[in-house]
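In case you want the letters, here they are:
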Amino acid sequence: MNFQPAPTESNLKTETTVQTGLPGQSSVLAEAVWVFAAVLTLAAFVATVPDRYQQLLDANLQTKSALWILGLSTDFYAQYFVAFEVASMLIYALTAVVIFWRKSDDWMAVFVALTLLTFGAAAPSSARPSPGG
């Protein structure tokens, strides 16, 4: 009989590594595109904050009556939600900047950082309470 040795951890390991590094000029181009997209995304987010605040101030009658029952003003309501959305965006943006700063020569890290940044700008708007109903 010809018995095979039992598999061990050392003979199960296979060395498969995926190269995600960016070569020379591609790295510079990816960094420039990321910085441009980051500035554009942050500018768009900042530009929407005053409109969002006004939208929350103009809450519908049902929301205003619920706030009145709770003893809260619409001003507090608007400030609370805007502060939460800005804080959430800052957390996403800081995480994206740290990833980009540490691994800007890796295309997967650049992609993840850009995804975090754009999600951070868009996610609060998709989770917003609708003051109109």
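The coordinates are above.
Residues numbered from 1 in each chain as written. Predicted model: local features only at pLDDT ≥ 70, side-chain atom pairs only at ≥ 80, totals over all residues. Heavy atoms only, no water.

A. Molecular detail of the overall build of the protein chain. The helix and strand inventory of the protein chain stands at five helices and zero strands. Helices (α) and strands (β) of the protein chain occur, in sequence order from the N terminus, as α-α-α-α-α. The buried share of the protein chain, taken over its 133 residues, is 26%. Nonlocal contacts in the protein chain, meaning residues at least 24 apart in sequence, comprise 72% of its contacts between residues at least 6 apart. Surface accessibility of the protein chain: about 9,500 Å² in total, with carbon and sulfur atoms responsible for 67%. (Helix = DSSP H or I, 4+ residues; strand = E, 2+ residues; numbered from the N terminus. Buried < 20%, exposed > 50% of the residue type's maximum accessible area, 1.4 Å probe, protein only. Contact = heavy atoms within 4.5 Å. Areas by Shrake-Rupley, 256 points an atom, 1.4 Å probe, with all protein chains shown as cover.)

B. Up close: the pattern of salt bridges. Scanning all chains against the criterion turns up one salt bridge. Ionic pairing is found between glutamate 85 and arginine 52, a salt bridge with its closest N-O pair at 3.3 Å. Residue glutamate 85 is located in helix α4 (residues 74-103), and its partner arginine 52 is located in helix α2 (residues 24-57); the two are separated by 33 residues in the primary sequence. In this structure arginine 52 comes out as buried when scored by relative accessible area, which is 2%. (Salt bridge = Lys/Arg side-chain N within 4 Å of Asp/Glu carboxyl O.)

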